[in-house]
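Okay, here's what each chain looks like letter by letter:
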Amino acid sequence: MRILIHKDYDSLSKWVAHYIAYKIKARNPAPDKPFVLGLPTGSSPIGTYRELIRLHQAGKVSFRNVVTFNMDEYVGLPEGHPESYHYFMQENFFGHIDIPKENINIPDGNAPDLEKECELYEEKIEKAGGIDLFLGGIGVDGHLAFNEPGSSMTSKTRIKTLTLDTRIANARFFYNDVSKVPSTALTVGLGTIMSAREVLIIINGYKKARALHHMVELGVNHMWTGSMLQLHRHGIIACDDEATMELRVGTVKYFKDIEQQALDNLPEL
């Protein structure tokens, strides 16, 4: 597992965006062989999305032959609701790039048969050839996507009940009213994420420091589901200095030392 410790959120976001753009361009994707990208919502990836939009507008990267699969969506929230993840992705990313609408995949939280929707989502991923790179973020309790503490390490896309901690954390998007936050969601599983050829997790800010400590310095634990990344062959954590406040000094120095070249040089486009 690689850990790249950036000085702040802006430099982190810029590096992650350039890394994704580099991977897409290196693949030279075509309509019959697209680059398959897994995507998150929330505050963590917003800086990355802004930089990817800037790179696209500068002619550095195209998303015409990219297929995307989002991690999750609330159950029962209309797609046009300002806090639905369909709406979030359109406003913060898809509406500003050249990705064809038919290449966008987000779980349908209003499907008449939610279990069937989850099965079909997994089938779509398989039919697309699997996910090349899954971008993600983690919650303060270390959850990845909506795989709350206690989730199965081999889980696939499914219906998940959200913990009170998650609902409280997301209440800031619902006028700070926890009762307005949906109690269930559709989410890709840890097994789905781990099946991706590469996984890149953004962790920023002091609030995520304890979660990063559990992900990096302690063992794999289903109560800190993000720790599953330790078992991935091509897992990367991109974090900022604030997020490392609970790591040992030796751990921080070690990863800064071995990744200094990557930190000093953005992937060339």
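Structure: see above.
Residues numbered from 1 in each chain as written. Predicted model: local features only at pLDDT ≥ 70, side-chain atom pairs only at ≥ 80, totals over all residues. Heavy atoms only, no water.

So, about the packing of aromatic side chains. Within this structure, the stated rule accounts for ten aromatic pairs. Between Tyr49 and Phe93 the ring centres are 4.7 Å apart and the planes differ by 15 degrees, which places this aromatic pair in the stacked class. Remark: Phe93 occurs in the loop between helix H3 (85-92) and strand S5 (104-105) and Tyr49 occurs in helix H2 (residues 46-57); sequence separation between them is 44 residues. Across the pair, exposure class does not vary: Tyr49 and Phe93 are buried alike. Three or more aromatic residues joined by ring pairs form one cluster here, namely Tyr49, Phe63, Phe93 and Phe94. (Phe/Tyr/Trp six-rings, centres within 6.5 Å; stacked < 30°, edge-to-face > 60°. Helix = DSSP H or I, 4+ residues; strand = E, 2+ residues; numbered from the N terminus. Buried < 20%, exposed > 50% of the residue type's maximum accessible area, 1.4 Å probe, protein only.)

Mapped onto the fold, His232 is located in the loop between helix H7 (209-216) and strand S10 (235-240). The exposure class of His232 is buried, given its relative accessible area of 8%. In contact with His232, other than residues within four places in its own chain, are Ile193, Met194, Ala196, Arg197, Glu198 and Val199. A polar contact is formed between the side chain of His232 and the backbone oxygen of Met194, at a distance of 3.4 Å. (Contact = heavy atoms within 4.5 Å. Polar contact = N/O pair within 3.5 Å; in protein donor to acceptor, adjacent residues only side chain to side chain.)

This part is about the sheet that holds S5. The seven strands lie next to each other as S1-S10-S9-S6-S2-S3-S5, forming an open sheet whose pairing is parallel. Strands with a single pairing partner mark the edges of an open sheet, and in this sheet they are strand S1 (2-6) and S5. Pairing between S1 and S10: five bridges, direction parallel. Bridged to Ile3 within S10 is Ile237. (Pairing = 2+ DSSP bridges.)

Moving on, we get to the environment of Val67. Topologically, Val67 is positioned in strand S3 (residues 66-70). On the basis of relative accessible area, Val67 is assigned to the buried category, the value being 13%. Residues Val67 and Asp132, spaced 65 residues apart in sequence, show a C-alpha to C-alpha distance of 10.0 Å. Discounting chain neighbours no more than four positions away, the residues touching Val67 are Pro34, Phe35, Val36, Leu37, Asn103 and Asn105.

A word on the sheet that holds strand S7 (residues 158-161). Taken together, three strands build an open sheet; the order of strands is S4-S8-S7 and the sheet is antiparallel. Looking at the sheet topology across the chains shown, the edges are occupied by strand S4 (72-74) and S7. Strand-to-strand twist of the sheet, defined as the mean angle between neighbouring strand axes without regard to direction, takes the value 30 degrees. The sheet contact formed by S7 and strand S8 (residues 184-187) spans four bridges and is antiparallel. Residue pairing across strands places Lys160 opposite Ala185, the latter belonging to S8. Packed onto the sheet, helix H4 (residues 114-127) meets S7 and S8 and runs at close to 120 degrees relative to S7. (Axes fitted to C-alpha atoms, helices over the stretch in contact; angles between N-to-C directions.)

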